[in-house]
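# Architecture and fold: a report
Each chain is listed here by its residues.
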Amino acid sequence: MKATGIVRRIDELGRIVIPKEIRRTLRIRESDPVEIYMGEAGEILLKKYSPLLGLQDVAEEYAQALNGAFGLTSAICDRESVVAAAGRERRWLQNKALLPAFQKGLSRGQVLQEPQLSLTEDQPGPFSRVLAVPIQMEGECVGGVCLCAVPGGPGIPPEAQSSLQIAALFLQKLINT
């Protein structure tokens, strides 16, 4: 465990302030959910919570199914990173942090249809088209289901949006159970 040299006191309500430097490093914003664990040696561990990380196996299967159905790169992401990806360009996406521009577009909670868009920094170039449907939980976007077309490859067919909406609803139901 890395020592920070920062000491905080617990207030009368049992609260402790996480130092700004740590919040910035871990990209924890106000109102972000955080999981609290107890370590084996009695330490308290905090972890930024992502409801989709608990569904990683299902997300992987769904990403592979979308890739098989459309022949396009597919990705399922939470608000900050790609949780599951399938297709030839998978290596650019899997477990990578999302670019702020894509995060911002997804956080609006509306279907995103963008030309020339990159999802992560690792991509050698932007996708020729990205279709992303948000996964909503209690009116807030917690992630998205995406199909990505590469330049010179097949485009995204019109029926893909309804398939992504079904995927987003399915994952939303699993999160809520």
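An account of the accompanying structure is given in this report. Small disclaimer: the values here were computed from a predicted structure and weren't measured.

So, on to helix H5 (residues 160–176). Taking 1.5 Å of rise per residue, the 17 residues of H5 would be expected to cover 24 Å, and the 24 Å separating its terminal C-alpha atoms lies within 8% of that figure. Buried within H5 we find Ala160, Leu164, Ala167, Ala168, Leu171 and Ile175. Down the axis of H5, the buried side of the element spans an arc of 100 degrees, and every buried residue falls inside it. Opposite the buried face of H5, by more than 90 degrees, sit the exposed residues Ile166, Leu169 and Lys173. Tucked inside the fold, the buried residues of H5 contact helix H2 (56–70), strand S3 (73–78), strand S6 (127–137) and strand S7 (140–149).

Before going further, it helps to spend a moment on H2. Taking 1.5 Å of rise per residue, 15 residues should cover 21 Å, and H2 covers 21 Å from first to last C-alpha, within 8% of that figure. On its buried face, H2 is in contact with S3, strand S4 (82–86), helix H3 (90–93), S7 and H5. A positive backbone phi angle near 70 degrees is found at Gly71, which sits one or two residues after H2.

The subject of this paragraph is a positive patch on the surface. A grouping of Arg8, Lys20, Arg23 and Arg24 is seen on the molecular surface, where their side chains present a positively charged patch. Structurally, Arg8 can be placed in the segment before helix H1 (20–25). Since its relative accessible area comes to 37%, Arg8 is described here as partly exposed.

Parameters and conventions
- Residues numbered from 1 in each chain as written.
- Predicted model: local features only at pLDDT ≥ 70, side-chain atom pairs only at ≥ 80, totals over all residues.
- Heavy atoms only, no water.
- Helix = DSSP H or I, 4+ residues; strand = E, 2+ residues; numbered from the N terminus.
- Expected span 1.5 Å × (residues − 1).
- Buried < 20%, exposed > 50% of the residue type's maximum accessible area, 1.4 Å probe, protein only.
- Arc of directions from axis to C-beta.
- Contact = heavy atoms within 4.5 Å.
- Patch = residues over 30% accessible without salt bridge, like charges linked within 9 Å, V, L, I, M, F, W, Y side chains within 5 Å.
- Areas by Shrake-Rupley, 256 points an atom, 1.4 Å probe, with all protein chains shown as cover.
- Salt bridge = Lys/Arg side-chain N within 4 Å of Asp/Glu carboxyl O.
- Lys, Arg positive; Asp, Glu negative; His and termini not counted.
- Charge placed at Lys NZ, Arg CZ, Asp CG, Glu CD.

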